[in-house]
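Close look at the chain arrangement
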Amino acid sequence: MGQADGNGYNLLDERWIPVLRQDGRFEHVGIKAALTEAGTIRQIAASNPMDRVALLRFLLAVLLWCKPDLSDEDRAQLESADGISEGWLNKLEENKAKFNLLGEGKRFYQDKTILDDLLKSKQKKWDDKQKKKKSRTSPKSLRPTSLDKADLCPIANLLVEFPGADSVNHMRHVVHGSYGFCPACCALGILRLSVWASANQYYPASVNPGSAAYAITEGSDLLLTLAANLPEATAHAGDAPWLSNAPPCSAGAASYLAWRPRKLWLNVARDPGTCANCGGAGVMIESLCNEGGWPTPTTPGATKKFWAEDPHLLKDGEPISLPGLGTNVGAHSSRFWRDALDLRGARAGKVVAIGPVVIKFTFQDAVCVDVPKSSAQTRAGLTADCNKKLRGLLKQVTPNPDRRHPEIHAAIVLLTPDTEGNIRASLDAPGATADDGEHLREIFEPLVERVLASTARGSPLRRRAAMNDAQRLLRKVIDKLVNSANQPPGSAAVDGAAEKPKRARKKKVAAT
């Protein structure tokens, strides 16, 4: 990664975006190289999946700003080129100063007026305190004329993995306030806020709720990934967020993809050091000023604010979120990817769904899963229906006097993550069996065997009998589910018309 210099660490040229090349090399590149060399880059290689989404959306915003009039021919050209044509990116050089992350002048995604606002607020508090004093003695301290360290926010507020003012459940253990981040990691954190900023009474959310999940189509290289995730051809680009600190007068795809929900200013440390996030040595940013930025866009009729035309947002009327950490591991493993599959729509190619778990402004987890093809929805539904019947099925073959089976439920829940991973892999497997019943048996027969191996009671003979009974009942359940799924809509088997009629109860006749 590059070092900050007199130009203020310019993000167009400095090496700060982590990428994986087609030949397997991991390196960092600037914005311009990421676009012009996109055909030689396999993918954005940020360790946190949240940053992969944020960086991809930012590069899309830059492309739409530079080339707002993308025609169908231009979009088709992206699928056969080696990278974005430099002729499309003339605006980058013309506005190069707008991409300086540091320095005394205009800074990328930062607003220096926040320093004056914080100082005025501090002075007002001092003035109000003096007015409340009844004694006319001289104050113990002078009226503040500058900000000090106590007025600044910890740099950890940029990366939720670190302990900060609101980051209680952090993933990096360092001494609070004693570390800094390099410019590259700060740039990642700033862009992450565009997509993943959560809201509270002081700050607005990002362009969508901070807990929202996104689906990204992945191509064989970064160029194809960019082409696959571009908004519709009719989408209006709008004002570029890096050109002005004021909210856009003309909001469009570029504006929303790189929204600015925070008003920021980075404070550079006097001495160089080692970045607590990536380990790089050089200029360190030790703290930041942080206030609420642009208000979250509002979609009419929605209870949550979000960008309704977002091409990547997973939504069913409103954005979907991951289950909270309080939900058992079984539900957490199975619900999110199935919701993403239902909302995948007509996206072609490999699709990944990425989302965080946010509880009361605190990010506690981030998940990235592959989403099967939309043609697999029927099978995905069958596996969910079969899984729901497992607990009752296993209780029938492992009786006990108390008619309680907490260990069976626990065993199924603990094995669910592996099972769900097998289901997702099998749905997209190139040589997958064409028979739905055989597919269900391949998934659930080993699961039943593993559950009974740890929960069945009695002698080896009795345990073997329970295993045979369970597999017999499982095959029966699977056959019934498959037959029901293969019935055409409106048929008797589906509507219940073919069910055996209930026998009428005989009325007692009073004796006369």
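Residues numbered from 1 in each chain as written. Predicted model: local features only at pLDDT ≥ 70, side-chain atom pairs only at ≥ 80, totals over all residues. Heavy atoms only, no water.

Between its first and last C-alpha, helix 10 (residues 377-397) extends 31 Å over 21 residues, near the 30 Å set by a 1.5 Å rise per residue. Along its length, helix 10 reaches its greatest deviation from straightness, about 35°, at Leu-390. All of the buried residues along helix 10 are Arg-379, Ala-380, Leu-382, Thr-383, Ala-384, Cys-386, Leu-390, Leu-393, Leu-394 and Val-397. (Helix = DSSP H or I, 4+ residues; strand = E, 2+ residues; numbered from the N terminus. Expected span 1.5 Å × (residues − 1). Bend = angle between axes of the 7 residues up to and from the residue. Buried < 20%, exposed > 50% of the residue type's maximum accessible area, 1.4 Å probe, protein only.)

Moving on, we get to the confidence of the model for the protein. Mean pLDDT over the protein works out to 86, with 90% of the residues at or above the 70 mark. Below pLDDT 50 for its whole length, residues 493-501 participates in 8 contacts with residues either more than four positions away or in separate chains. (pLDDT = per-residue confidence, 0-100. Contact = heavy atoms within 4.5 Å.)

Most of strand 6 (residues 262-268) sits out of view: 6 of its 7 residues are buried. Across 7 bridges, strand 6 lies against strand 9 (residues 285-292) in antiparallel orientation. Across the sheet, residue Leu-266 finds its bridge partner in strand 9, namely Leu-288. (Pairing = 2+ DSSP bridges.)

Further remarks concern unusual backbone geometry. A positive phi angle is found at Tyr-9, which is not glycine, with a value near 55°. Since its relative accessible area comes to 0%, Tyr-9 is described here as buried.

The subject of this paragraph is the nonpolar core. Judged by nonpolar contacts, the single largest core of 91 residues is most densely connected at Trp-16, Ile-31, Phe-58, Phe-99, Leu-158, Trp-242 and Leu-266. Broken down by element, this core gets its largest block of residues, 14 residues, from helix 2 (residues 49-66). Ignoring sequence-local partners within four residues, the contact set of Phe-99 consists of Tyr-9, Asn-10, Leu-11, Leu-12, Ile-31, Phe-58, Trp-65, Leu-92, Phe-108 and Trp-242. (Core = buried A, V, L, I, M, F, W, Y, C linked by side-chain atoms within 4.5 Å.)

With that settled, consider the sheet that holds strand 1 (residues 17-21). With antiparallel pairing, the 3 strands of this open sheet are ordered in space as 2-1-3. Edge positions in the sheet fall to strand 2 (26-29) and strand 3 (41-44), since each has one partner strand and no second. In this sheet, adjacent strand axes meet at a mean angle of 40° when their direction is disregarded. Bridge analysis of strand 1 against strand 2 gives 4 bridges, and the strand direction is antiparallel. In the strand pairing of strand 2, Leu-20 is matched with Phe-26. (Axes fitted to C-alpha atoms, helices over the stretch in contact; angles between N-to-C directions.)

This part is about the side chain of Asp-111. Position of Asp-111 relative to the elements: it lies in the loop between helix 4 (90-94) and helix 5 (113-132). Here the side chain of Asp-111 touches Thr-113 through a polar contact of 2.7 Å, side chain to side chain. (Polar contact = N/O pair within 3.5 Å; in protein donor to acceptor, adjacent residues only side chain to side chain.)

Our focus in this paragraph is the packing of helix 10 against helix 12 (residues 436-455). Look at helix 10 against helix 12: their axes get within 11 Å of each other, and the N-to-C directions meet at 35°. Seen from above, helix 10 lies across helix 12 with right-handed handedness. Listed contacts from helix 12 to Arg-379, Leu-382, Thr-383, Cys-386, Asn-387, Leu-390, Leu-394 and Val-397 of helix 10 are Asp-436, His-439, Leu-440, Phe-444, Leu-447, Val-448, Val-451 and Leu-452. For the contact of helix 10 with helix 12, the residue count by class is 11 nonpolar, 3 polar and 2 charged. (Left-handed = near helix turned anticlockwise from the far one by under 90°. Nonpolar A, V, L, I, M, F, W, Y, C, P; charged D, E, K, R; others polar.)

For strand 12 (residues 350-359) and strand 13 (residues 362-371), the ladder comprises 9 bridges, and the chain directions are antiparallel. Opposite Val-352, over in strand 13, you have Asp-370 as the bridge partner. Between strand 12 and strand 13, which follow one another and run antiparallel, lie 2 residues, and Lys-360 among them has a positive phi close to 50°.

Overall, antiparallel pairing links the 3 strands, which are arranged 4-9-6 in an open sheet. Only two strands of the sheet have a single partner each, and these edge strands are strand 4 (153-154) and strand 6. Sheet strands in contact with helix 5 are strand 6 and strand 9, and its direction is about 75° off that of strand 9. Across the sheet, helix 6 (residues 183-196) touches strand 6 and strand 9, and the angle it forms with strand 6 is around 170°.

Further remarks concern the environment of His-332. Here His-332 shows up in helix 9 (residues 329-342). Between the C-alpha atoms of His-332 and Pro-417, which are 85 residues apart in sequence, the distance is 8.5 Å. If sequence neighbours within four positions are ignored, His-332 has contacts with Leu-322, Pro-323, Gly-324, Leu-325, Thr-327, Val-357, Asp-365 and Val-367.

Looking now at the packing of helix 9 against helix 10. Think of two packed helices as two axes; the pair is described by the angle between the axes and how far apart they sit. Contact geometry of helix 9 with helix 10 gives a least axis separation of 11 Å together with a crossing angle of 150°. Here helix 9 is positioned roughly antiparallel relative to helix 10, judged by the angle of their axes. Crossing angle aside, the handedness with which helix 9 passes helix 10 is left-handed. Along its contact with helix 9, which presents Trp-337, Arg-338, Leu-341 and Asp-342, the element helix 10 presents Gln-377, Ala-380, Thr-383 and Ala-384. Taken together, the residues that form the contact of helix 9 with helix 10 break down as 4 nonpolar, 2 polar and 2 charged. (Parallel < 35°, antiparallel > 145°, perpendicular 65-115°, else oblique.)

An α-helix turns once every 3.6 residues. As a result, residues three or four positions apart point the same way. In this model helix 5 runs 29 Å from its N-terminal to its C-terminal C-alpha over 20 residues, within 8% of the 28 Å that 1.5 Å per residue would give. When we look at burial in helix 5, the residues that qualify are Ile-114, Leu-118, Leu-119, Lys-122, Gln-123 and Trp-126.

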